[in-house]
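# Coordinates in review
Take a look at the letters that make up each chain.
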Amino acid sequence: MSSRKVGTQRAFDAAAADFAALGRHLWEPIGAATVAAAGLGEGSRVLDACCGTGASALPAARAVGAGGSVDAIDLSGPMIGELRRLSADLPQLHAHEADATAWETEGYDAVLSALGIFFFPDMTAGTERLISRVRPGGRAVFTIWRDGAMVTAGRHAGRAMAEVTDSAPPPEREPSLIDRINQAGTYAEWLSGRGLSEVDVTVNELRLPMTPEVAWLVIIGSGFRGIVDGLEPDVVERVRERYLESLSADGVTELDATTLVGSGTVR
Ligand SMILES: C[S@@+](CC[C@H](N)C(=O)[O-])C[C@H]1O[C@@H](n2cnc3c(N)ncnc32)[C@H](O)[C@@H]1O
């Protein structure tokens, strides 16, 4: 497992508690929109891939009820530990520390993945693998960030870290497939190419008010945590202060956190 845990993945392990704290503001509304698009009925069998601390897995488990089941999978042990704690009263939710792209069980009524598929080393193959876990006529729902979402926070935090530690800012991510399909039209086309029918992409507008508390949680409770991981606590505190000053100097009071909720029927 550890060989799969590079970069962002280690950041997710470290972020688990702060990730849950950010949930109320960010992950939960996005998870709820993802579950709504699946139209889950009571008794359904659901696979939730890249489940984190359960933003979509928990409402999915409530929607399917005691007669249904949700297999919730994440690579991160700390995320799964937090989810097990949060789902103690939902025996139909089964949390597994595992790689979603290698999950064997199939025949699900629906597969969900909120903000997960773009982490797969091969996003297309990983998504197709998830779709193959669903029975014919079942539903697949994959939520991704819309173009431009979240970037302002990462850019300001990266610059703050560079200034405080007198180092180069983190390099821009290399362009990849996700950068070509992060608009509603291109995303729908890509999902259709994965063999789904009746594809629908809903734009789920979300703007986070960047209070100092939320602005910092966005960094330490997400994959951006890698920017400050490994720094001494007093250095992290200086980065936090510089980051908040930098947002304020640029007049950033809101963060675009808009997602594209893409759904389709499995043939
Ligand atoms: C941005 S978080 C989203 C979590 C959750 N779905 C939510 O919306 O709150 C992405 C998650 O994907 C997980 N992840 C990335 N690659 C994975 C893989 N191959 N298999 C399982 N989980 C993976 C990470 O550990 C992280 O918890």
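Each value, and the rule that gives it
Residues numbered from 1 in each chain as written. Predicted model: local features only at pLDDT ≥ 70, side-chain atom pairs only at ≥ 80, totals over all residues. Heavy atoms only, no water. Helix = DSSP H or I, 4+ residues; strand = E, 2+ residues; numbered from the N terminus. Rg over C-alpha atoms; globule rule 2.2 N^0.38 Å. Buried < 20%, exposed > 50% of the residue type's maximum accessible area, 1.4 Å probe, protein only. Lys, Arg positive; Asp, Glu negative; His and termini not counted. Charge placed at Lys NZ, Arg CZ, Asp CG, Glu CD. Core = buried A, V, L, I, M, F, W, Y, C linked by side-chain atoms within 4.5 Å. Contact = heavy atoms within 4.5 Å. Phe/Tyr/Trp six-rings, centres within 6.5 Å; stacked < 30°, edge-to-face > 60°. Near = heavy atom within 4 Å. Polar contact = N/O pair within 3.5 Å; in protein donor to acceptor, adjacent residues only side chain to side chain. Nonpolar A, V, L, I, M, F, W, Y, C, P; charged D, E, K, R; others polar. Arc of directions from axis to C-beta. UniProt positions renumbered as here; feature names shortened; annotations may be inferred. Pairing = 2+ DSSP bridges. Right-handed = clockwise from strand over helix to strand, strands pointing away.

The name an unreviewed UniProt entry assigns to the protein chain is Methyltransferase domain-containing protein, from the organism Amycolatopsis oliviviridis.

For the rest of this paragraph, the subject is the overall build of the protein chain. When its secondary structure is counted, the protein chain shows 10 helices and 9 strands. The C-alpha radius of gyration of the protein chain comes to 18 Å, within 12% of the 18 Å expected for a compact globule of 267 residues. The principal-axis extents of the C-alpha atoms in the protein chain amount to approximately 55 × 40 × 35 Å. Taking all 267 residues of the protein chain together, 52% fall into the buried category. Here the protein chain holds 24 positive side-chain charges and 36 negative ones, and the gap between their average locations is 3 Å.

The next point concerns the nonpolar core. By size, the foremost hydrophobic cluster in this structure holds 39 residues, and its most contacted members are Leu 26, Trp 27, Trp 145, Met 150, Met 210, Val 218 and Tyr 243. Listed by contribution, the elements that provide at least two residues to this core are α1 (8-23), α2 (27-38), α6 (151-165), α9 (212-220) and α10 (233-249). When residues in this core are grouped by element, the largest group, 7 residues, is from α9. What Trp 145 contacts, discounting residues up to four positions off in sequence, is Leu 26, Trp 27, Ile 30, Leu 115, Phe 118, Met 150, Asn 182, Ala 257, Thr 258 and Thr 259.

Another aspect to go through is the packing of aromatic side chains. Any pair of aromatic rings gets described here by the distance separating the centres and the angle formed by the planes. Tallied over the entire structure, the rule returns 7 aromatic pairs. Plain terms: the ring middles of Trp 27 and Trp 145 are 6.4 Å apart, the flat faces sit at 50° to each other, and that makes the pair tilted. Placement of Trp 27 in helix α2 and of Trp 145 in strand β5 (residues 134-145) is noted, with a sequence separation of 118 residues between them. On the accessibility criterion, Trp 27 (9% relative accessible area) is buried.

Close contacts around the ligand come from 20 residues, with Gln 9, Cys 50, Asp 74, Ala 100 and Ala 114 the closest. Cys 50 is positioned with one of its backbone polar atoms (N or O) 2.7 Å from a nitrogen atom of the ligand. The separation between an oxygen atom of the ligand and a polar side-chain atom of Asp 74 is 2.6 Å. Of all the elements, α1 adds the most residues to the shell around the ligand, at 3 residues. Grouping the amino acids of the shell around the ligand by side-chain chemistry returns 14 nonpolar, 3 polar and 3 charged.

Turning next to helix α4 (residues 77-86). Looking at α4, one finds that the buried residues are Met 79, Ile 80, Glu 82 and Leu 83. For α4, the angular spread of buried residues about the axis comes to 160°, placing them on one side. Packed against the buried residues of α4 are α1, α3 (57-64), β2 (69-74) and β3 (93-97). The backbone nitrogen of Met 79 has a side-chain oxygen 3.2 Å away, supplied by the residue at the start of α4, namely Ser 76.

Per the UniProt entry, the sites bearing "domain: Methyltransferase" (unreviewed entry) are residues 46-138 in this numbering. Within residues 46-138, the helical portion is 29% and the strand portion 29%, while the C-alpha atoms at the span's ends are 10 Å from each other.

What follows deals with the pairing of β5. Inspection of the sheet shows strand β4 (residues 108-114) paired to β5 by 6 bridges, in the parallel sense. Opposite Ala 114, over in β5, you have Thr 143 as the bridge partner. Note that the unit made of β4, helix α5 (residues 123-131) and β5 has a crossover that is right-handed.

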